[in-house]
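Commentary on secondary and tertiary structure
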Amino acid sequence: DQVRINWDIQKAVQRYVQPFLKEISSLADFVIDTQVLHYVSSDLAPKRQGEEFHLHESQLPLMVNPLESALGSYTSNLSTLHFIVYVPPASQSPLLVVDRDSQPVESNAFVVHRWGSVLLHNVNSTDSQPDTAHTLSADLMARMMSTFVSHLKSLLGNVALPKTLSKEITAMSTGTAMSYWEWNNLL
C-alpha cells in the first residue's frame, strides 16, 4: 500500500530554495537539513468523496503531531521550520486538502504557523507499478519548491496577495526572489 519515491531533493533545494535564502541572508542565517522518512502514517481519517479523499483545513494541524514525532530532533536554541512532502498510501490516494468551502486547495499544501509546511503529493496508481519507485520530475520538483518558498515567505511574515493584485505587484518586482514590497514588509 506504500509508494516508493525517487527524487533529487538536494539538487532541488540548491536550485530553487538556496537562491531565495541567499537573497534574505542579511535577515537571518538558514541551515537546511534533509531527511527521508518511510511509511509514516498521518493517523487521520480523511473523508472519502467519490474517488478522492479529502482533508478539511480544520484537520490539517492534527496531521503535524505524528509527522513531528517521526522527525529526527536535536536540542537547539534556534528556531526550526519543517517543510514536508507527504505521500499518502495508495489506499488514501488521491488525498486532497480542501478549504472551508470543501474546494480543493490548488497547491495541495498548507502552512502551520511557527512550525512549517506540508505538501501532499499523490502518485497516480497507473504511474507506479509494484516494486518500482515513482520518480519526481524536475518540473514537479520546481513546483514543490516554489510552494515551499512561498510558504517560507508566509512564515517569515509576508502574506500572499490576491492573484489579481499579485500580477500587478509582480510587474514592480526586483527581478529576484523577493519583491520590493516583501522586502519592506520584512524590514
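One can find the structure itself at the top, above this paragraph.
Structure report, in brief. (Residues numbered from 1 in each chain as written. Predicted model: local features only at pLDDT ≥ 70, side-chain atom pairs only at ≥ 80, totals over all residues. Heavy atoms only, no water.)

A word on the overall build of the protein
Our working rule: Going along the chain from the N terminus, every DSSP run of H or I of four or more residues is numbered as a helix, and every run of E of two or more is numbered as a strand. For the exposure calls, accessible area comes from a 1.4 Å probe over protein chains only, and a residue counts as buried if that area is under 20% of its type's maximum, exposed if over 50%, partly exposed in between. Throughout, a contact is declared for two residues whenever any of their heavy atoms are within 4.5 Å. Only the protein chains shown count as cover for residues, and all accessible areas are computed by the Shrake-Rupley method using a 1.4 Å probe.
The secondary structure content of the protein amounts to five helices and eight strands. For the protein, with 187 residues in total, the buried portion stands at 35%. The long-range fraction of contacts in the protein, counting pairs at least 24 apart against all pairs at least 6 apart in sequence, stands at 71%. Accessible area of the protein: about 11900 Å², with a carbon and sulfur share of 50%.

What to know about the sheet that holds strand β6 (residues 109-112)
Condition: Think of it this way: DSSP has to see at least two bridges between two strands before they count as a pair. Think of each axis as a best-fit line through the C-alpha atoms, taken over the contacting stretch in the case of a helix, with angles from 0 to 180 degrees between the N-to-C directions.
Sheet architecture is open: three strands sit in the order β4-β7-β6, paired in mixed fashion. Two strands in the sheet have a free side with no partner beyond their single neighbour: β4 (82-86) and β6. Going from strand to strand, the sheet's axes swing by 15° on average, the running direction of each strand aside. For β6 and strand β7 (residues 116-120), the ladder comprises four bridges, and the chain directions are antiparallel. Residue Val 112 lies in a different strand from β7, and its bridge partner there is Gly 116.

Section: the pattern of salt bridges
Here is the rule we go by: A pair is scored as a salt bridge if a Lys or Arg side-chain nitrogen falls within 4 Å of a carboxyl oxygen belonging to Asp or Glu.
Using the criterion set out here, one finds one salt bridge in the structure. Close ionic contact of Glu 57 with Arg 100 constitutes a salt bridge, the shortest N to O distance being 3.6 Å. Residue Glu 57 is located in the loop between β3 (52-56) and α2 (60-70), and its partner Arg 100 is located in the loop between β5 (95-98) and β6; the two are separated by 43 residues in the primary sequence. The exposure class of Arg 100 is exposed, given its relative accessible area of 66%.

Points about the packing of helix α1 (residues 9-23) against helix α3 (residues 138-155)
Any two packed helices are characterised by how steeply their axes cross, that is the angle between the axes, and by the distance between the axes. The line we're drawing: Here a crossing is taken to be left-handed if its near helix is turned anticlockwise relative to the far helix by less than a right angle, and right-handed if that turn runs clockwise. All residues other than Ala, Val, Leu, Ile, Met, Phe, Trp, Tyr, Cys, Pro, Asp, Glu, Lys and Arg, Gly among them, are scored as polar; the first ten of these are nonpolar and the last four charged.
At a closest axis distance of 10 Å, the pairing of α1 and α3 adopts a crossing angle of 40°. Note on packing geometry: the crossing formed by α1 with α3 is right-handed. Along the contact surface, α1 presents Ile 9, Ala 12, Val 13, Tyr 16, Val 17, Phe 20 and Leu 21, while α3 presents Ala 138, Met 141, Ala 142, Met 145, Val 149, Leu 152 and Lys 153. Along the lines of polarity and charge, the residues of the contact of α1 with α3 split into 13 nonpolar, no polar and one charged.

Comments concerning α2
Taken together, the buried positions of α2 are Leu 60, Met 63, Val 64, Pro 66 and Leu 67. Those residues of α2 that are buried are in contact with β3, β4, β5, β6 and β7.

Structural notes on the environment of Met 63
Secondary-structure assignment places Met 63 in helix α2. For Met 63, a relative accessible area of 0% gives the class buried.

Remarks on the sheet that holds β5
Taken together, the three strands give an open sheet; going across it, the order is β2-β3-β5, and neighbouring strands pair in mixed fashion. Looking at the sheet topology across the chains shown, the edges are occupied by β2 (47-49) and β5. Strand-to-strand twist in this sheet, taken as the mean axis angle between neighbours without regard to direction, amounts to 40°. Relative to β3, β2 runs antiparallel, the two sharing three bridges. Residue pairing for β3: Arg 48 is matched across the bridge by Phe 53.

Describing the environment of Ala 138
Here Ala 138 is to be found in helix α3. We classify Ala 138 as exposed; its relative accessible area is 52%. For Ala 138 and Asp 8, which are 130 residues apart along the polypeptide, the C-alpha to C-alpha distance reads 8.8 Å.

What to know about the pairing of β5
Going residue by residue along β5, you find Leu 95 and Val 97 tucked away on one face and Leu 96 and Val 98 tucked away on the opposite face as well. Strand direction decides the pairing type here: β3 and β5, joined by four bridges, are parallel. Note on β5: the bridge partner recorded for His 54 is Leu 96.

Remember, this is a structural readout, not a statement about activity or role.
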